[in-house]
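# Reading the structure
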Amino acid sequence: AYCLLIFSGVALRMITYQAPFSYGDYAGTGVIAATLFLFSAAEHLAFIPTLVVIALIRATGIGIYQPALQNACMMSVPATRRSSASGMYYLGSDLGMGLTPILGAKLYTASFNSYPKMFLALMAFPLVGAAVFAICRKGINANIQKTDFM
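Residues numbered from 1 in each chain as written. Predicted model: local features only at pLDDT ≥ 70, side-chain atom pairs only at ≥ 80, totals over all residues. Heavy atoms only, no water.

## Describing the packing of helix α4 (residues 82–110) against helix α5 (residues 115–122)
Note the following rule: A fitted line through C-alpha atoms serves as each axis, taken over the contacting stretch for helices, and the angle formed by two N-to-C directions is quoted from 0 to 180°. Each helix corresponds to a stretch of at least 4 residues labelled H or I by DSSP, and each strand to a stretch of at least 2 residues labelled E; elements are numbered beginning at the N terminus. Angles below 35 degrees are treated as roughly parallel, those above 145 as roughly antiparallel, those between 65 and 115 as roughly perpendicular, and all remaining angles as oblique. Whether a crossing is left-handed or right-handed is set by the direction in which the near helix is turned from the far one by less than a right angle, anticlockwise for left-handed and clockwise for right-handed. Throughout, a residue-residue contact means that at least one pair of heavy atoms, one from each residue, lies within 4.5 Å. Ten residue types, Ala, Val, Leu, Ile, Met, Phe, Trp, Tyr, Cys and Pro, are classed as nonpolar, four, Asp, Glu, Lys and Arg, as charged, and the remainder, Gly among them, as polar.
The contact between α4 and α5 brings their axes to 8 Å, and the two run at 130°. Considering their axes alone, α4 and α5 lie oblique with respect to each other. The hand of the α4/α5 crossing is right-handed. Residues Leu103, Gly104, Leu107 and Tyr108 of α4 lie in contact with α5, whose contacting residues are Tyr115, Met118, Ala121 and Leu122. Residues that form the contact of α4 with α5 fall into these classes: seven nonpolar, one polar and no charged.

## A closer look at the confidence of the model for the protein
Formally: The predictor attaches a confidence to each residue, and that confidence, scored 0 to 100, is pLDDT.
Mean pLDDT over the protein: 76, with 75% of residues reaching 70 or higher. When pLDDT is averaged over each helix and strand of the protein, the minimum, 48, is found for helix α1 (residues 2–16) and the maximum, 88, for α4. Low confidence marks residues 1–6, where pLDDT is under 50. Its contacts with residues over four positions away, or in another chain, come to eight contacts. Overall, residues 8–18 carries pLDDT values under 50, and its contacts beyond four positions in sequence, including any with other chains, amount to 24 contacts.

## Focus: the packing of aromatic side chains
Note the cut-off: Geometry of aromatic contacts follows a simple scheme: Phe, Tyr and Trp rings, the Trp one being its six-membered ring, pair when their centres are within 6.5 Å, and the pair is stacked under 30 degrees between planes, edge-to-face over 60, tilted otherwise. For every residue, the accessible area (1.4 Å probe, protein chains only) is compared with the maximum for its type, and the residue is labelled buried under 20%, exposed over 50%, or partly exposed between those bounds.
For the structure shown, the criterion picks out four aromatic pairs. Seen from their ring centres, Tyr89 and Tyr90 are 5.3 Å apart, and the 80° between their planes marks the pair as edge-to-face. With a relative accessible area of 41%, Tyr90 lands in the partly exposed category. Summarising the aromatic geometry, the rings of Tyr108 and Tyr115 are spaced 4.5 Å apart at their centres and angled 35° between planes, so their arrangement reads as tilted. Assessed through its relative accessible area of 23%, Tyr108 is described here as partly exposed. Its relative accessible area of 48% is what places Tyr115 among the partly exposed residues. Members of the aromatic cluster, each reached through a chain of ring pairs, are Phe39, Tyr108, Tyr115 and Phe119.

Rendered as structure tokens:
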């Protein structure tokens, strides 16, 4: 929670304000994918301090990624549609948080009850998301309304 609080303000000002759909999205996504890889290797390093450090790194990635993506969503629609964009952003976020544990459980049983294999499989989601962002970036940046959020 502290990493999210600290890095969300930093990311919003430094990464997204000048370039709304910027490389902050990719940096946060990369950190999140890297921590999934670290969690997959943590079976051999499974003691509490290691897991705490990995969780802090993951919170930092989410703290960079979430405000960058939310800012891009808000700026990609006209001012009259921002409340709808905000609602859809949070709906998607909540659905992701609700469905990911179910998907993780299915991946866990499909990977012969192996957490390392499950975390490696989950790495695909942020990487595919980053690829989709890269493909859609030009179109989204073209729609961004220049407004003063700060």
